[in-house]
Amino acid sequence: MNVPFLDLKAQNSSIASEVLPLWADILNNAAFIGGPQVQGLEEEFAAACGVKHAIALSNGTDALRFVFMALGVKPGDEIITVSNSFIATTEAISQAGGTIRFVDIDPKTYLMDPALLEAAITPKTVGIVPVHLYGQMADMDPILAIANKHGLWVVEDAAQSQLAEYKGKRSGAVGIAAATSFYPGKNLGACGEAGGVTTNDDAIAAAVRQIRDHGQAKKYYHDIEGYNGRCDAIQAAALRVKLRRLPDWNAARRSHAKRYLELLAGTPGITLPTAADYGTPVWHIFLVQVENRDAVAAYMNERGVATGLHYPLPLHQQKAYKHLNIADGTLPVTEAVAKRLLSIPMFPELSEEQIAYVAATLKEAVKQHG
Ligand SMILES: *Cc1c(COP(=O)(O)O)cnc(C)c1O
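Residues numbered from 1 in each chain as written. Predicted model: local features only at pLDDT ≥ 70, side-chain atom pairs only at ≥ 80, totals over all residues. Heavy atoms only, no water.

Caption draft 1: Just helix 11 (residues 352-369), in detail. Between the first and last C-alpha of helix 11 there are 26 Å, a value that for 18 residues agrees with the 26 Å anticipated at 1.5 Å per step. Among the residues making up helix 11, those that are buried are Gln 354, Ile 355, Val 358, Ala 359, Thr 361, Leu 362, Ala 365 and Val 366. Buried residues of helix 11 fall within an arc of 165° about the axis and therefore sit on the same side. Away from its buried face by more than 90 degrees, helix 11 exposes Glu 353 and Lys 367. Lining the buried residues of helix 11 we find helix 8 (233-264), strand 13 (286-289), helix 9 (293-302) and strand 14 (341-344). (Helix = DSSP H or I, 4+ residues; strand = E, 2+ residues; numbered from the N terminus. Expected span 1.5 Å × (residues − 1). Buried < 20%, exposed > 50% of the residue type's maximum accessible area, 1.4 Å probe, protein only. Arc of directions from axis to C-beta. Contact = heavy atoms within 4.5 Å.)

Caption draft 2: Seen up close, the sheet that holds strand 1 (residues 53-57). Judged by pairing direction, the sheet is mixed, and its 7 strands sit side by side in the order 1-9-8-5-4-2-3 without closing on themselves. The two strands at the open ends of the sheet, each matched to only one other strand, are strand 1 and strand 3 (99-103). Averaged over all pairs of adjacent strands, the angle between strand axes in this sheet comes to 25°, irrespective of strand direction. Contacts from helix 3 (residues 60-70) reach strand 1, strand 5 (153-157), strand 8 (177-181) and strand 9 (195-199), with the element oriented near 165° to strand 8. Lying over the sheet, helix 6 (residues 140-150) contacts strand 4 (125-128) and strand 5, oriented at roughly 150° with respect to strand 5. (Pairing = 2+ DSSP bridges. Axes fitted to C-alpha atoms, helices over the stretch in contact; angles between N-to-C directions.)

Caption draft 3: Summary view of the site of the ligand. The environment of the ligand is formed by 15 residues, the closest being Gly 60, Thr 61, Asp 157, Ser 181 and Lys 186. Separating an oxygen atom of the ligand from a side-chain N or O atom of Thr 61 is a distance of 2.5 Å. Interatomic distance of 3.1 Å between a side-chain N/O atom of Lys 186 and an oxygen atom of the ligand. Here the ligand, which alone exposes 380 Å², has 93% of that area covered by the protein. The set of elements that each furnish at least two residues to the shell around the ligand consists of helix 3 and helix 4 (88-95). Its residues assigned to classes, the shell around the ligand shows 6 nonpolar, 7 polar and 2 charged. (Near = heavy atom within 4 Å. Polar contact = N/O pair within 3.5 Å; in protein donor to acceptor, adjacent residues only side chain to side chain. Areas by Shrake-Rupley, 256 points an atom, 1.4 Å probe, with all protein chains shown as cover. Nonpolar A, V, L, I, M, F, W, Y, C, P; charged D, E, K, R; others polar.)

Caption draft 4: Structural context of the nonpolar core. Judged by nonpolar contacts, the single largest core of 33 residues is most densely connected at Leu 117, Ile 128, Met 140 and Ile 143. For this core, the leading source of residues is helix 6, giving 4 residues. Dropping the residues within four chain positions of it, Met 140 is found in contact with Pro 130, His 132, Val 154, Glu 156, Tyr 166 and Val 174. Counting 28 residues, the second largest nonpolar core, distinct from the first, contains Ala 63, Val 73, Ile 100 and Leu 331. (Core = buried A, V, L, I, M, F, W, Y, C linked by side-chain atoms within 4.5 Å.)

Caption draft 5: Representation of the packing of aromatic side chains. Considering all chains together, one arrives at 8 aromatic pairs under this definition. Centre to centre, the rings of Tyr 110 and Tyr 134 are 6.3 Å apart; their planes meet at 85°, and the pair counts as edge-to-face. Placement of Tyr 110 in the loop between strand 3 and helix 5 (117-120) and of Tyr 134 in the loop between strand 4 and helix 6 is noted, with a sequence separation of 24 residues between them. We classify Tyr 110 as buried; its relative accessible area is 3%. Counting every residue linked through ring pairs, the aromatic cluster contains Tyr 260, Trp 283 and Phe 286. The lysine or arginine in question, Lys 218, covers the ring of Tyr 221, its NZ or CZ lying 4.7 Å from the ring centre. Above the face of the Tyr 299 ring, Arg 303 is positioned so that its terminal group lies 3.6 Å from the ring centre. (Phe/Tyr/Trp six-rings, centres within 6.5 Å; stacked < 30°, edge-to-face > 60°. Lys NZ or Arg CZ within 6 Å of the ring centre and 35° of its normal.)

Caption draft 6: Expanded view of the sheet that holds strand 7 (residues 169-170). Pairing is antiparallel across the open sheet formed by 3 strands, whose spatial order is 7-6-12. Every other strand in the sheet has two partners, leaving strand 7 and strand 12 (279-280) as the edge strands with one partner each.

Pasting the structure below:
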């Protein structure tokens with residue numbers, strides 16, 4: 001049996017009959033950038049997240065950077081985040097002019113450990129960026145409490161967590177603002193590049209709208225230099241169709257995760273992921289910890305099961321961040337799990353047979369190599 005890591009073709013064929021007529025309209029009307037599809041997406045995504053404003057953008061990395069710019073990040077400002085993330089989180093901090101500070105992660109959820117935050121705060125710290133990695137929200141209450149105590153803002157990296165919940169609040173509705181990504185492989189993915197910002201803050205929303213459109217508040221009148229960071233109608237139309245399916249797709253992911261957890265429970269050598277009791281995850285990625293991870297992955301790949309690594313090398317150990325001079329051993333949990341984490345297939349269209357095969361193959365792989 002072959003089990004892909006992600007099957008976007010299956011998802012696309014389930015929405016094609018709805019999306020293609022919308023794309024034909026866009027082609028006929030030549031209304032490619034902005035317009036009613038983008039406005040509709042913004043209204044519907046804001047409602048889905050339970051926030052006042054959603055601003056559709058070119059991609060998730062721009063979304064993060066525009067939020068930091070809207071918050072007035074300036075050279076010397078320190079922003080605390082995690083090293084267990086995709087590099088977009090920290091690229092956006094640097095590109096907005098900020099300085100990256102890392103804290104380690106919780107060994108159970110692999111998300112920002114709030115207990116380590118206070119020690120990382122300096123007089124230069126301006127904000128905290130928890131990353132809701134793998135579809136689970138970080139433990140936001142203690143993070144917000146520490147931020148409030150020190151006068152810092154909290155921006156959520158919500159790229160992997162669309163419609164996940166924390167104590168009844170949706171991902172993207174908890175910090176002062178949040179950035180999400182509609183990269184095709186995300187839970188809510190475009191048919192190309194797109195991203196967005198959500199916020200209840202009118203000033204941040206207005207600033208992000210201005211930054212995405214060359215700093216203009218009115219056509220050809222530029223208050224500031226901005227970027228070309230707009231969302232196009234082709235993406236917005238597809239995203240609106242997919243957003244209506246997203247609750248069902250996320251429910252399917254939850255049901256698959258439950259099945260994996262049942263099938264793999266109690267297997268020696270496999271550490272299962274933990275869904276924290278403070279919320280509802282949307283299982284962007286399902287990962288396990290194993291010994292001899294690369295050999296386990298190779299065994300599974302040979303038997304037709306695709307696997308992934310999220311992420312093989314922590315950000316602070318990347319060449320791109322050599323200049324930060326962060327010694328190995330500084331973030332022990334992040335460094336340890338990066339060598340052990342293995343992502344297995346997780347997407348809504350997975351069949352019961354595929355799930356059983358993946359679980360059986362993983363168990364066999366761990367017996368042989370783990
Ligand atoms: C995908 C992703 C981003 C960046 O989104 P793009 O749309 O690819 O620019 C940012 N943060 C995290 C955690 C991501 O997974």
